[in-house]
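The chain contents come next:
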Amino acid sequence: MDIRIIEQAVKDIQCDALVVGATYKKVGNQAKELILSATAREVDSLLGGLIQSIYAEGEFKGDLGELLTLHPMGKLAAKRIVVVGMGPEEKIHTQVIRRASATATRHLQQTGAHQVALALQSEEFNLDFDESVRAAVEGVLLGTYTFTKYKQSNGNGRGITRIDLLVNGASNTMLDQAMRHAIALAEATNFARDLVNEPPDVLTPSELANRAGTMAKQFGLECEILDRPEMEELGMGGLLAVARGSSEPPKFIILRYRGAPQSPGNGMALVGKGITFDSGGLSLKSAEQMQDMKTDMAGAAAVIGAMQAIGKLKPAINVTAFVPATENMPGGTAYRPGDILRIMNGKTIEIINTDAEGRLVLADALSYAVKENLSPIIDVATLTGGIAIALGTIMTGLFCNDPGLSNEIIAAGQVAGEKFWSMPLDDEYALEIQSDIADIKQTAGRLGSSVKAAKILERFVGDAQWAHLDIAGTAYTDTKIPYQAKGATGVAVRTLAELVLRRAG
């Protein structure tokens, strides 16, 4: 998609659709006043007050994501005008811009528009201009994403090919930087979405490693892939055990970005759970539960996607990513409830349920990060159904051993448009993961399951700053929504990249 910045009279912009924004404010107990962006006011004037007239008649209210399509009948060069609602004035922020942009362009793509002009930013919204531009561009690229490579009818020629961002008098340097930032993060998110949306017969551990390697070569990262013999030499008992039931060989993917080679310390680590298909192993899932288990590598996809964005934007910081990748399958060689596994750092885990495999592969990866003296360590995983019960599909569960790091992640998420909720890590939860015959018991019941899983991971991070992002509820959406295709969300890619950029300064 070609994204350009233009400065042109509104009347003369030639496009299939011109998108403008509208919000509202309360002026009494019940009454509302429609507030149009600067460009929308100009459009309204050229159309003889049509937008305000339609609002007065109650046909358009300005609610977030609401769309009003107008045909200018030759009064403007644009073929259509789309007014997108942005909700109440007091709640306008960059995520509103991002979502409004995604909703409008996704709708226009489905109606066959190819060239769209976007003018959602306005001084009335009290937002930094460059942040508004960045949010609008991210919204376009995220909202128009589709995954149709396996459909015989692939869009029927529909698709937006060009976006013109209408600006007036803003710094070209500032806008170029905002656009570059937005494109890098959105493309990385969509890359992660592609990985998660691939069928599991295609995206095996080996294929995930191949795609990570190809991406690394393209964006100037170092890539190392460990195979079974190297894992055995390192003592990765968790990853090797989970992999035993599958005919697909496991892979341990290491990506390195050296943005500050002269800097003291080895930098930070990102760790992503890479279970490319999770049958539950011998503790077999039901057919209904198993249907979407290709998504159990969404943590890996998020980390690999974040590394793509980091490689493209090149911050002055060192970052290393670790992805333990395998299938979790049943079979005669599969690991069993009752087994005791020894993790890379020497700790042992008593197996209770083979469907709690994520903590086992992460334990080895976290141990590897500690071995390399990396800090902070941030892991991302579709780890527990319990987090989805606790927080639903809106918030990602955040478990962290350092309040400062927790605040950094939440702040980065606010900029990226992703929400995190801080969860407890009190020592009392660890009492239930004590084993009579090993160092750690793998599971300890359904109550507080997400917290107890995090407490297990905590045993493998040593003294490093550490955060665990449980994305089981936020990595995938089962329904089509106006700003998001059904399927992978790419959650955490932009937050991780934003965090790294902020730490680089």
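Below is a summary of the structure that appears in this document. (Residues numbered from 1 in each chain as written. Predicted model: local features only at pLDDT ≥ 70, side-chain atom pairs only at ≥ 80, totals over all residues. Heavy atoms only, no water.)

Another aspect to go through is the packing of aromatic side chains. The description of two aromatic rings rests on the distance between their centres and on the angle between their planes. Scanning all chains against the criterion turns up 4 aromatic pairs. Note on Phe-147 and Tyr-150: the rings are 6.1 Å apart at their centroids and 55 degrees apart in plane angle, and the pair reads as tilted. Look at Phe-147 and you get partly exposed, because its relative accessible area is 24%. On the accessibility criterion, Tyr-150 (47% relative accessible area) is partly exposed. (Phe/Tyr/Trp six-rings, centres within 6.5 Å; stacked < 30°, edge-to-face > 60°. Buried < 20%, exposed > 50% of the residue type's maximum accessible area, 1.4 Å probe, protein only.)

In this section: the environment of Arg-459. Note that Arg-459 resides in the loop between α14 (449–458) and β19 (466–470). Taking C-alpha positions, Arg-459 is 8.8 Å from Ile-440, a pair spaced 19 residues apart along the chain. (Helix = DSSP H or I, 4+ residues; strand = E, 2+ residues; numbered from the N terminus.)

Taking 1.5 Å of rise per residue, the 16 residues of helix α10 (residues 298–313) would be expected to cover 22 Å, and the 22 Å separating its terminal C-alpha atoms lies within 8% of that figure. Among the 16 residues of α10, 15 are classified as buried, and the element is accordingly described as predominantly covered. One or two positions beyond α10, positive phi appears at Lys-314, with a value near 55 degrees. (Expected span 1.5 Å × (residues − 1).)

This part is about the pairing of strand β5 (residues 81–88). Successive residues of a regular strand alternate their side chains across the two faces of the sheet. Of all 8 residues that make up β5, 8 are buried, and the element is covered over most of its length. Across 6 bridges, the pairing between strand β2 (residues 17–26) and β5 is parallel. Residue pairing across strands places Tyr-24 opposite Pro-88, the latter belonging to β5. Bridge analysis of strand β4 (residues 67–70) against β5 gives 4 bridges, and the strand direction is antiparallel. Bridge pairing in β5 places Leu-70 opposite Ile-81. (Pairing = 2+ DSSP bridges.)

The 3 strands are arranged β13-β14-β18 in an open sheet whose pairing can be described as mixed. In the strand order of this sheet, the two ends are held by β13 (340–342) and β18 (440–441), each with one partner. Note that β13 and strand β14 (residues 348–350) share 3 bridges and pair antiparallel. Of the residues in β14, the one forming a bridge with Leu-341 is Ile-349.

So, about α14. Side chains three or four residues apart in an α-helix point the same way, a direct result of the helix having 3.6 residues per turn. In terms of burial, α14 is largely enclosed, as 9 of its 10 residues are buried. Every buried residue belonging to α14 is among Ser-449, Ser-450, Val-451, Lys-452, Ala-453, Ala-454, Lys-455, Ile-456 and Leu-457, and all of these are buried. For α14, the elements touching its buried residues are α11 (358–371), β15 (377–381), α12 (385–391), β16 (395–400), β18 and β19. (Contact = heavy atoms within 4.5 Å.)

Once that is clear, we can look at the nonpolar core. By size, the foremost hydrophobic cluster in this structure holds 58 residues, and its most contacted members are Leu-208, Leu-270, Met-307 and Leu-469. Sorting elements by how many residues they give to this core places α10 first, with 11 residues. (Core = buried A, V, L, I, M, F, W, Y, C linked by side-chain atoms within 4.5 Å.)

To continue, consider the pattern of salt bridges. All told, the structure shown has 26 salt bridges when counted by the stated rule. In this structure, Arg-98 and Glu-138 form a salt bridge, with 2.8 Å as the shortest nitrogen-oxygen distance. Of the two residues, Arg-98 is situated in helix α3 (residues 94–110) and Glu-138 in helix α4 (residues 129–143); the sequence distance between them amounts to 40 residues. As far as the burial class goes, Arg-98 and Glu-138 line up, both buried. (Salt bridge = Lys/Arg side-chain N within 4 Å of Asp/Glu carboxyl O.)

Its place among the elements puts Gln-308 in helix α10. Once residues lying within four places of it in the same chain are set aside, the contact partners of Gln-308 are Glu-187, Ala-188, Phe-191, Met-215 and Phe-219.

Okay, unusual backbone geometry next. Here the amide bond leading from Ser-375 into Pro-376 is cis, since omega sits at 0 degrees, within 30 degrees of zero. When you line up the elements, Pro-376 lands in the loop between α11 and β15. Positive phi outside glycine occurs at Met-73, with the angle close to 55 degrees. Among the secondary structure elements, Met-73 is positioned in the loop between β4 and β5. Among the residues examined, Met-73 registers a relative accessible area of 75% and is labelled exposed. Positive phi outside glycine occurs at Lys-314, with the angle close to 55 degrees.

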